[in-house]
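Summary of the model geometry
As a plain string of letters, each chain reads:
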Amino acid sequence: MAVTEPSGGLLSLFPPGSSVAADGMLLLGGCRADALAAEFGTPALVVCEAAMRARAREYADGLAARWPRSRVVFASKAFPCTAVQRVMVEEGLGLDVAGGGEIVTALAAGADPATLVLHGNAKGDEEIAMASEHGIGLVVVDNADDVDRLEAIVPAGRAQDVLVRVIPGVTAETHAHVLTGHAGSKFGLAPAAAAELIRRIERSPRLRMQGLHVHVGSQILDVEPFAQSVAPVAALGEFPVYDLGGGLGARYTYADEPPSVGEYLDALTGAAREHLPAAAEIIVEPGRSMVASAAATLYRVVTVKRGAVTFVAVDGGMGDNLEVALFGQRFEAAIADRLDATGGEIVTVVGRHCESGDVLVEGVPLDAPRVGDLLAVPATGAYCFTMANNYNGNRRIPVVFATDGAARLVVRRETWNDLLARDID
Ligand SMILES: Cc1ncc(COP(=O)(O)O)c(C=O)c1O
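This text gives an overview of the structure that appears in the document. (Residues numbered from 1 in each chain as written. Predicted model: local features only at pLDDT ≥ 70, side-chain atom pairs only at ≥ 80, totals over all residues. Heavy atoms only, no water.)

1. Structural notes on helix α4 (residues 100-108)
All of the buried residues along α4 are Gly100, Glu102, Ile103, Thr105 and Ala106. Buried positions along α4 lie against α3 (82-90), β6 (94-98), β7 (116-119) and α5 (125-134). One or two steps after α4, the chain reaches Gly110, where phi turns positive at roughly 95°. (Buried < 20%, exposed > 50% of the residue type's maximum accessible area, 1.4 Å probe, protein only. Helix = DSSP H or I, 4+ residues; strand = E, 2+ residues; numbered from the N terminus. Contact = heavy atoms within 4.5 Å.)

Structure follows, in structure tokens:
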């Protein structure tokens, strides 16, 4: 099949390896978008497995080359799907799990519990008990109540390895809703409070103080805040482990220019060389930048309404992508068999939900959109599956892995019966 690159780099936001067939149809993981839609329906979240695996290796090899005593753990929250976690496990990564649900899927994915890192600013007794029972490698202590719970739950004669989460006081340039390292953050402890809790943990028979954790936020498009977060952690003392979090931004729009993984790791390990003990282990926890670009969502155009604004309404929306409504993330979109919209109509792509805020892309050029067209939105691999919901009786959408021209369903679409499944009365 003849494959051409459309003008203007339109393909560049789609997963690496995407291409265009001779008739103009988008191919994801070597599979035609129209064939994927015919087999799995729309909307569908299509993941290019090879692109995801390549990114995992880029992170793991990049960190190992710069800091041999190191580990990459995938922040499961970015795509908490068993099949995605399994890919990360197969690529040799650990998993960051935020809560009991992600522990369950991580174990189902075959993760060694010793490679899991448990997070949460409000971990309940049940989650601490799960961590202890399954032998989870590291519990990241966020507050003194975590310590109380661990002391009450970890059985006598055992000690849980922990990190303490520190607020570095770094305000990165990103949306306030995804900022976590600023003074006043709800996550972690300011350095003085962290120092006090560390002293308590060091005296506790049920906890073993392994090190410190820091995370400045998400969708950060500059390496400087990451480097700046290292010194405040180093000031708290020398430990065997430093988990420097995730947060590297992904490329969502043609204008976005996130640092490369190499640039990010250079900045991080450069700061580590300056401030941290040379023998320490470094962990990084990428989520968004690991998976965002590996996927695209396919929708069917349901209606086109022309007026002061041309609205192109599709069969999904904020039920499968809350990133726009939650923190104003800008996406791009294209008609799957007419990617090149040079001179096309400027439209607003909206969803089917009863909210004016249910906008997928505002002001995007599309080539003569019409009912029945397939619409492709790239870079939907991070936090879209995560925050999928049943608003307006939405059936959460399937996840399809596409590789080398073959596609397979890894999460099915919810059914109408699924919507009734929890009803008791
Ligand atoms: C503790 C922690 N680590 C890692 C991440 C992953 O961040 P990102 O998806 O931006 O890489 C998050 C997400 O906010 C987080 O809270």
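On we go from here.
2. Brief notes about the nonpolar core
Counting residues in hydrophobic clusters, the biggest one holds 128 residues, and the most contacted among them are Phe74, Met88, Leu212, Val291 and Leu375. With 7 residues, the top contributor of residues to this core is helix α10 (residues 261-275). Apart from residues lying up to four places away in sequence, Met88 is in contact with Met52, Ala56, Phe74, Leu93, Leu95, Met290 and Val291. (Core = buried A, V, L, I, M, F, W, Y, C linked by side-chain atoms within 4.5 Å.)

3. Thoughts on the site of the ligand
Taken together, 15 residues sit near the ligand, with Ser218, Gly247, Glu285, Arg288 and Tyr383 positioned nearest. Residue Lys77 places a side-chain N or O atom 3.0 Å away from an oxygen atom belonging to the ligand. Tyr383 is positioned such that a nitrogen or oxygen atom in its side chain is 2.5 Å from an oxygen atom of the ligand. When the ligand sits alone it has 390 Å² of accessible area, and the protein chains cover 92% of it. Structurally, the ligand is housed in the largest pocket. Its residues assigned to classes, the shell around the ligand shows 3 nonpolar, 7 polar and 5 charged. (Near = heavy atom within 4 Å. Polar contact = N/O pair within 3.5 Å; in protein donor to acceptor, adjacent residues only side chain to side chain. Areas by Shrake-Rupley, 256 points an atom, 1.4 Å probe, with all protein chains shown as cover. 1 Å grid on protein atoms, 1.4 Å probe; cavity = no way out; pocket = protein on both sides within 12 Å on 5 of 7 lines; lining within 4 Å. Sits in = over half its atoms within 2 Å of the grid points. Nonpolar A, V, L, I, M, F, W, Y, C, P; charged D, E, K, R; others polar.)

4. Side note on the sheet that holds strand β1 (residues 19-20)
Pairing is antiparallel in the open sheet, where 3 strands are placed in the order β1-β2-β3. Of all strands in the sheet, those with a lone pairing partner are β1 and β3 (31-32), marking the two edges. Bridge count for β1 against strand β2 (residues 26-28) is 2 bridges, and the pairing is antiparallel. Bridging across to β2, Ser19 finds its partner in Leu27. (Pairing = 2+ DSSP bridges.)

5. So, the packing of aromatic side chains
With the rule as written, the count across this model stands at 4 aromatic pairs. On the basis of an interplanar angle of 40° and a centroid distance of 5.3 Å, the ring pair of Phe79 and Phe385 is categorised as tilted. With Phe79 in the loop between β5 (70-75) and α3 and Phe385 in the loop between β18 (374-378) and β19 (399-403), this residue pair connects regions lying 306 residues apart in the sequence. Taken together, Tyr59, Phe226 and Tyr264 form an aromatic cluster joined through their ring pairs. (Phe/Tyr/Trp six-rings, centres within 6.5 Å; stacked < 30°, edge-to-face > 60°.)

6. Some details on the pattern of salt bridges
According to the stated counting rule, one finds 23 salt bridges in the structure shown. Across the pair Asp23 and Arg32 runs a salt bridge whose closest N-O atoms are separated by 2.7 Å. Note that Arg200 is salt-bridged to Asp148, the shortest N-O span being 2.6 Å. One end of the pair, Arg200, is in helix α7 (residues 191-203); the other, Asp148, is in helix α6 (residues 144-153), with 52 residues separating them in the sequence. Owing to a relative accessible area of 24%, Arg200 belongs among the partly exposed residues under this scheme. What makes Asp148 partly exposed here is its relative accessible area of 40%. A single salt-bridge network, built from bridges that share partners, covers Glu49, Arg53, Arg57, Glu90, Glu91 and Arg408. (Salt bridge = Lys/Arg side-chain N within 4 Å of Asp/Glu carboxyl O.)

7. What to know about the layout of surface pockets
Counted as a void, the largest pocket has a volume near 740 Å³. Taken together, 36 residues form the lining of the largest pocket, with Lys77, Thr180, Phe187, His215 and Tyr383 sitting closest to its centre. For the lining of the largest pocket, the elements supplying multiple residues, two or more each, are β6, α11 (288-291) and α12 (323-327). Per-element accounting of the lining of the largest pocket gives the leading share, 3 residues, to α12. Here the residues of the lining of the largest pocket sort into 12 nonpolar, 15 polar and 9 charged. Estimates place the volume of the second largest pocket at around 340 Å³. Lining of the second largest pocket is provided by 23 residues; of these, Pro16, Arg55, Arg251, Ser289 and Ser293 occupy positions nearest its centre. Contributing elements (two or more residues each) for the lining of the second largest pocket: α2 (49-66) and α11. Looking at the lining of the second largest pocket, its residues break down into 14 nonpolar, 5 polar and 4 charged. (Points joined across faces, edges and corners; volume = space filled by probe spheres on them.)

8. Focus: the packing of α2 against α3
One can describe the packing of α2 onto α3 by two numbers: an axis separation of 10 Å at closest approach and a directional angle of 45°. Compared by their axis directions, α2 and α3 come out oblique. Taken as a pair, α2 and α3 cross one another with a handedness that is right-handed. Across the interface between the two elements, Glu49, Met52, Arg53 and Ala56 of α2 pack against Val84, Val87, Met88 and Glu90 of α3. Here the residues of the contact of α2 with α3 are counted per class, giving 5 nonpolar, no polar and 3 charged. (Axes fitted to C-alpha atoms, helices over the stretch in contact; angles between N-to-C directions. Parallel < 35°, antiparallel > 145°, perpendicular 65-115°, else oblique. Left-handed = near helix turned anticlockwise from the far one by under 90°.)

By themselves, these figures tell us nothing about what the structure is for.
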